[in-house]
Amino acid sequence: MKITVIGCGYVGLVTAACLAGFGHTVTGVEKDPAKVSALKEGLIPFYEEDLAPLVTGGLQKKRLFIQEKIDENTAGAEVIFIAVGTPSLRNGAADLSQVFKVAEEIAPYLKNYTVIVNKSTVPVGTAKQVREIIKRNLAGEIPFDVVSNPEFLREGKAVSDFFRPDRVIVGTNSSRAEQVMKKVYARLLADGTPFIWTNPEAAELIKYAANAFLATKISFINEIANLCEAAGVDIDTVARGMGLDKRIGGEFLRAGPGYGGSCFPKDTRALTHIARSCGQRVLIVETVIKINEQQKARMVRKIREAAGGLKGKTIALLGMAFKPGVDDLRESPAVDIANRLLAAGARLQVHDPMALERVKEVFGARINCCQDPYDAVTGADVLVIVTDWPEYKELDLAAVKKLMNTGDTPALLDLRNIFTPQEVRRYGFRYQGVGRGWKGDPENDLQN
Ligand code: UGA
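The shown structure was predicted, so the numbers you read here are calculated from the model rather than taken from an experiment.

What counts, and at which threshold
Residues numbered from 1 in each chain as written. Predicted model: local features only at pLDDT ≥ 70, side-chain atom pairs only at ≥ 80, totals over all residues. Heavy atoms only, no water. Helix = DSSP H or I, 4+ residues; strand = E, 2+ residues; numbered from the N terminus. Buried < 20%, exposed > 50% of the residue type's maximum accessible area, 1.4 Å probe, protein only. Near = heavy atom within 4 Å. Polar contact = N/O pair within 3.5 Å; in protein donor to acceptor, adjacent residues only side chain to side chain. Areas by Shrake-Rupley, 256 points an atom, 1.4 Å probe, with all protein chains shown as cover. Nonpolar A, V, L, I, M, F, W, Y, C, P; charged D, E, K, R; others polar. Domains from an automatic or database assignment. Axes fitted to C-alpha atoms, helices over the stretch in contact; angles between N-to-C directions. Parallel < 35°, antiparallel > 145°, perpendicular 65-115°, else oblique. Left-handed = near helix turned anticlockwise from the far one by under 90°. Contact = heavy atoms within 4.5 Å. Buried area = accessible area lost by both parts, 1.4 Å probe. Salt bridge = Lys/Arg side-chain N within 4 Å of Asp/Glu carboxyl O. Pairing = 2+ DSSP bridges.

**Details of the environment of G261**
Then step 1. As for its placement among the helices and strands, G261 is situated in the loop between α11 (235-243) and α12 (264-277).
Then step 2. Classification of G261 by relative accessible area gives buried; the value is 1%.
Then step 3. Sequence separation between G261 and F322 is 61 residues, and the spatial gap between their C-alpha atoms is 5.5 Å.

Here it is, written out as structure tokens:
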């Protein structure tokens with residue numbers, strides 16, 4: 001099939017490259033000329049596992065093309081995916097201006113029946129609005145349908161998620177569009193992937209509800225973790241005990257500094273906004289957002305207590321990306337924590353295996369970026385693990401202790417619980433994780 005994907009950001013590029021991987025002929029449209037030239041060379045502006053070879057392979061086999069402008073060629077595709085950004089507006093609502101602009105731009109070029117697919121995360125009712133915009137801007141009586149087909153890709157695992165999804169949601173009221181979407185996803189249908197064929201509004205809401213539910217699991221476990229600290233209980237044991245119940249499931253029950261990234265914070269805010277615009281409240285999601293903010297502030301209090309104040313203290317932060325495996329700082333708890341520490345007068349020495357360049361862009365000279373985690377801990381008063389990169393688990397803690405500034409009992413704050421308290425204390429550290437109740441553990445002197 002001939003397919004166009006408009007927007008070659010993270011979702012658009014993965015979608016374009018993977019659809020080309022299915023054997024379709026795909027044109028990705030990207031308005032940033034610098035990105036277009038880089039992509040044509042197979043250079044991807046962000047890190048995503050397995051994506052580079054897929055893009056290069058697609059370009060070489062002439063299944064994937066990248067261009068800057070929407071034109072007759074791109075609009076002449078059987079299917080046009082809209083995969084542009086829907087960032088948060090100030091009031092938390094999703095900003096749909098890019099989606100609407102694309103709809104306006106493609107409409108005059110349409111000649112034959114076309115299926116326009118909303119891949120971007122968009123509020124309930126957007127498919128209808130896109131339909132109206134296209135209708136107003138058509139050059140004649142051209143038949144078309146608008147379909148909602150939300151993505152559930154995880155950054156870092158997006159390619160494997162695309163080829164082996166838990167489910168595919170297709171929202172359309174048109175059986176003609178349904179047939180076209182069956183051709184797009186023929187490979188996944190043949191593999192037995194579960195499909196839900198529904199109306200556009202339900203598809204739109206499924207996306208927000210799924211992300212909000214995952215965010216709820218995280219805020220829930222973080223609250224229980226905080227309770228564990230007060231009650232002298234270990235959160236990992238509680239999470240495991242809960243997660244083995246198949247109805248609950250063990251995933252997304254890792255306590256930590258709060259969720260981040262380009263999706264959960266934005267989508268939870270947008271969902272509360274969607275509800276309000278329907279005259280409803282989703283109180284649970286409103287609370288989830290509040291808990292997530294409080295969790296980041298709580299982490300800063302932990303650091304302050306461990307350092308005995310923040311002014312003039314040197315704090316080593318290991319891990320700045322919002323999760324391991326990506327170089328993305330968007331709404332990363334680490335960035336929020338770093339800003340709060342800087343505002344309180346602390347000096348920061350940070351390391352991240354992939355995101356350092358972006359850290360430099362965000363913080364400039366305000367932060368000391370270190371290429372090596374051992375440089376980051378040198379002379380530090382407190383060591384904080386913020387993102388659970390697997391390499392931090394391999395740190396030589398004896399060497400770390402020697403490099404730090406705190407004599408016999410340096411403090412290690414493990415905000416992702418990557419270590420066990422025992423293994424850290426063996427080296428003479430004072431240790432604190434998240435939800436690892438100190439009351440039941442007299443050895444932990446960070447809180448006593
Ligand atoms: C999330 C969803 O998982 C995807 O299904 C969805 O498609 C995507 O948003 C999106 O809407 O585009 P992603 O943002 O890549 O994917 O990140 P996740 O792996 O879900 O992690 C989000 C945040 O939650 C991270 O900061 C992570 O550290 C945190 N998290 C996750 C926890 O604190 N605890 C957990 O147990 C799990």
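Next, the rest of the story.
**Observations concerning the site of the ligand**
Then step 1. As a structural note, the neighbourhood of the ligand is formed by 19 residues, with L153, E155, K207, N211 and C263 the closest of them.
Then step 2. In the environment of the ligand, an oxygen atom lies 2.9 Å from a nitrogen or oxygen atom belonging to the backbone of F322.
Then step 3. Look at the ligand: alone it shows 720 Å² of surface, and the protein chains cover 95% of it.
Then step 4. Taken together, the elements giving at least two residues each to the shell around the ligand come down to α10 (200-231) and α12.
Then step 5. When residues of the shell around the ligand are assigned to their parent elements, the largest contribution, 3 residues, is made by α10.
Then step 6. Here the residues of the shell around the ligand are counted per class, giving 9 nonpolar, 2 polar and 8 charged.
Then step 7. Structurally, the shell around the ligand is a two-domain feature, drawing no fewer than three residues from each of domain 1 (2-198) and domain 2 (232-432).

**As for the packing of α10 against helix α13 (residues 283-307)**
Then step 1. Packing of α10 against α13 brings their axes to within 9 Å, and their N-to-C directions diverge by 45°. The orientation of α10 relative to α13 falls into the category oblique. Crossing hand, α10 versus α13: left-handed. On α13, the residues touching A212, A215, T216, S219, N222, E223, N226 and E229 of α10 are I284, V285, V288, I291, N292, Q295, R298 and K302.
Then step 2. Looking at the contact of α10 with α13, its residues break down into 6 nonpolar, 6 polar and 4 charged.

**Overview of the domain arrangement of the chain**
Then step 1. For the chain, the domain assignment lists domain 1 (2-198) and domain 2 (232-432).
Then step 2. The gap between the C-alpha centroids of domain 1 and domain 2 is 34 Å.
Then step 3. Between domain 1 and domain 2, the contact holds 16 residues from the first and 16 residues from the second.
Then step 4. Here domain 1 meets domain 2 over a buried area of about 1,200 Å², counting both sides, of which 52% is carbon and sulfur.
Then step 5. Looking at the side of domain 1 facing domain 2, the largest losses of area belong to Y47, S88 and E155, adding up to 43% of the total buried there.
Then step 6. Across the pair E155 and R330 runs a salt bridge whose closest N-O atoms are separated by 3.8 Å.
Then step 7. Counting every contact that joins domain 1 to domain 2 gives 7 residue pairs in polar contact (both at pLDDT 80 or more).

**Observations regarding unusual backbone geometry**
Both trends apply: most residues other than glycine have a negative phi, and most peptide bonds are in trans.
Then step 1. Non-glycine residue D50 carries a positive phi angle of around 70°.
Then step 2. For D50, the position within the fold is in the loop between α2 (33-40) and α3 (51-60).
Then step 3. Notably, E331 is not glycine yet its phi reads approximately 50°, a positive angle.
Then step 4. Its place among the elements puts E331 in the loop between β9 (314-318) and α14 (333-343).

**A word on the sheet that holds strand β14 (residues 430-432)**
Then step 1. One open sheet accounts for 6 strands, arranged β11-β10-β9-β12-β13-β14; its pairing is parallel. Where the open sheet ends on each side, the last strands, each with one partner, are β11 (368-369) and β14.
Then step 2. Here 3 bridges tie strand β13 (residues 411-414) to β14, and the two strands are oriented parallel to one another. Among the inter-strand pairings, L412 is bridged to a residue of β14, identified as Y431.
Then step 3. Relative to the sheet, α13 contacts β9, β12 (382-385), β13 and β14, its axis offset from that of β13 by approximately 170°.

**Remarks on α2**
Then step 1. Sitting at the head of α2, D32 places a side-chain oxygen 3.0 Å from the backbone nitrogen of A34.
Then step 2. Where α2 ends, the next residue or the one after it, G42, has phi of about 80°, a positive value.

**Topic: the environment of E155**
Then step 1. Mapped onto the elements of the fold, E155 is located in the loop between β6 (144-148) and α7 (158-163).
Then step 2. Take E155: its relative accessible area is 10%, and that puts it in the buried class.
Then step 3. Remark: the alpha-carbon pair of E155 and S262, spanning 107 residues in sequence, is separated by 9.3 Å.
Then step 4. With sequence-adjacent residues up to four places away left out, E155 is seen in contact with Y10, E48, S262, F322, K323, V326, D328 and R330.

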